[in-house]
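Report on the structure
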Amino acid sequence: MAPLTPCPPWLLKDGAALMARAARDQLPHALLLSGIDGIGKRRFARWLAEALLCRRRSEAGACGGCDACHQLTAGSHPDFLMLAPEGASAVIKVDAVRELTEWIQLTAGQGSYRVALLEQADSLNHSAANSLLKTLEEPGAQAVLILTATRTGALPATIRSRCQKITLGMHDRAAAIVWLAEMLDDPETALLDAGGAPYAAMTRRDEEHVAARTLLLQAWNDLFLHKGSVGRISTSLSRLDTALCLSTFSRWTLLAVRQLENLPIGADPAVVTAISATHEQLEKEQWFTVHDRLLQLHRSDSTSFKTQTVLEGIFADIRLMTNR
Ligand SMILES: [Zn+2]
C-alpha cells in the first residue's frame, strides 16, 4: 500500500487552480507539466491524477477515504495508468504507448475520469511519440493525459501543440523553506544552492550524507587499526561538520560494545563490516569511556571549533588506548 501523494506545498495554488477547472468541467484532455529538475513535477502529476480519480475531491486534492482513493493506495484503480521510462536506454517504448492508446479509449469504469500519466515524456522515442499523437488528437471521453517533462523542447512540436502546458515553478518560497526545514539544517542556503528546486536540495543532501559516511568509515578503520597518523585522519574529516563526526562515532562505539557482547547490531552492511573489524581493539569499559568523551565533546562548545582541532585530541587518546 502506497499512501496518496501530497501536493508539494509550493505548488498548492497551481493545484487548486486545476481543481477549480475540473469542478467546472473545463479540464483539458492533455496537460504537459514542465519545470526544472527537482521542482516536484512527478509528485504534482501524481497528486493531480489521484485528485481527478477521487470520488470526493476538493481543492486540496483527493480525500483519502473513498473507494477510489483506497484503490489508488492499493495500486489497483482500473482507471489509472502510469508510464515511465524503462530499461537501460531509459526511454518510453512504443509498445507501452500503444497499450496506453488502446486503454484510454475504453470508457471509464467508474464513470469519472480515466487518467494516464506519462512521466518524463521527453524520453519518448520517435515511434512512441508518433503513436501517442493519435490519442492526443482523439482521446476517449473523460480521458485525461498528464505528461511531465523537464526538456519540453525535446518533445515533437506536434505533441506540444496538442497539450496545454503548465509550467511548475517556485510559486511559494516560504512554504518550500518550511517544508525543507523539517529535513535540513539550513533550508534557505540549500534551496539557493539547488537553484530553487526543493527535491534537488534533498537529493544533494542525501548524496552528501553518503559521501560523509564513506569518509567517516575510512577514518574509523584507520584510527582503530593504526593506519596512518592521527593528524592525517583528522584532516581527512576536516570538511565535515564536527557534530556529525562526533555523533556518528559515539553511535558506532555503542555498536562495538554490542558486537563484543555478540548482540545483533542491525546497522547497514558497510558499518557492520567496520565494527566487526575493530570491536576487539578496546575492552568494553574502554569503549564506554570513548563513548562518553565523544558525547561530552558533542554537548560542549567544541562543535564551534574546527572539526580537525576537536578530533585530533580525542583521536590521539584513542590511539594510546588501542596501543596494546
Ligand atoms: Zn477520495
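Heads up: these notes are all about the structure in this document. What you are looking at is a predicted structure, and each value in this text was computed from that prediction instead of being measured. (Residues numbered from 1 in each chain as written. Predicted model: local features only at pLDDT ≥ 70, side-chain atom pairs only at ≥ 80, totals over all residues. Heavy atoms only, no water.)

Next up on the list: the overall build of the protein chain. Along the protein chain, the regular secondary structure elements total 14 helices and five strands. At 27 Å, the protein chain has a C-alpha radius of gyration far larger than the 20 Å of a compact globule built from 324 residues. By principal-axis analysis of the C-alpha atoms, the protein chain measures approximately 80 × 40 × 40 Å. Taken across its 324 residues, the protein chain has 45% of its residues classed as buried. Taking all contacts inside the protein chain whose residues are at least 6 apart in sequence as the whole, residues at least 24 apart take part in 72%. As displayed, the protein chain has an accessible area near 16,100 Å², and 52% of this comes from carbon and sulfur atoms. Across the protein chain, the centroid of the 33 positively charged side chains sits 3 Å from that of the 35 negatively charged ones. (Helix = DSSP H or I, 4+ residues; strand = E, 2+ residues; numbered from the N terminus. Rg over C-alpha atoms; globule rule 2.2 N^0.38 Å. Buried < 20%, exposed > 50% of the residue type's maximum accessible area, 1.4 Å probe, protein only. Contact = heavy atoms within 4.5 Å. Areas by Shrake-Rupley, 256 points an atom, 1.4 Å probe, with all protein chains shown as cover. Lys, Arg positive; Asp, Glu negative; His and termini not counted. Charge placed at Lys NZ, Arg CZ, Asp CG, Glu CD.)

Between helix α11 (residues 242–260) and helix α14 (residues 307–322), whose axes approach to 9 Å, the crossing angle comes to 30°. Between α11 and α14, the crossing angle belongs to the class labelled roughly parallel. In the crossing of α11 with α14, the sense of the turn from one axis to the other is right-handed. Contact with α11, carried on its side by T242, C245, L246 and F249, involves T307, V310, L311 and F315 of α14 and no other residues of that element. (Axes fitted to C-alpha atoms, helices over the stretch in contact; angles between N-to-C directions. Parallel < 35°, antiparallel > 145°, perpendicular 65-115°, else oblique. Left-handed = near helix turned anticlockwise from the far one by under 90°.)

Before going further, it helps to spend a moment on the coordination of the zinc ion. Coordination of the zinc ion by the protein is provided by C54 (SG), C63 (SG), C66 (SG) and C69 (SG), with metal-donor distances spanning 2.3 Å. Between the four donor atoms coordinating the zinc ion, the angles at the centre fall across 102 to 117°, so the site counts as tetrahedral. Along the chain, the residues donating to the zinc ion are arranged with the sequence spacing C-x8-C-x2-C-x2-C. In this pair, C54 sits in the loop between α2 (41–53) and α3 (67–73) while C66 sits in the loop between α2 and α3, placing the two residues twelve residues apart along the sequence. C66 shares its class with C54; the two are buried. (Donors = N, O, S within 2.8 Å, 3.2 Å for Na, K, Ca; no water. Tetrahedral: all angles 85-135°; square planar, octahedral: opposite > 155°, others 65-115°.)

It is worth spelling out the pattern of salt bridges at this point. Within the structure shown, the criterion is met by nine salt bridges. When the shortest N-O distance is used, the salt bridge between D122 and R151 registers 3.6 Å. Taken together, the residues span a long stretch of sequence, with D122 in the loop between β3 (114–118) and α5 (126–137) and R151 in the loop between β4 (143–149) and α6 (157–160) at a distance of 29 residues. With a relative accessible area of 11%, D122 lands in the buried category. Between K284 and E261 there is a salt bridge whose closest N-O contact spans 2.7 Å. One end of the pair, K284, is in helix α13 (residues 284–299); the other, E261, is in the loop between α11 and α12 (269–278), and 23 residues separate them in sequence. Taking relative accessible area as the criterion, K284 reaches 36% and is therefore assigned partly exposed. (Salt bridge = Lys/Arg side-chain N within 4 Å of Asp/Glu carboxyl O.)

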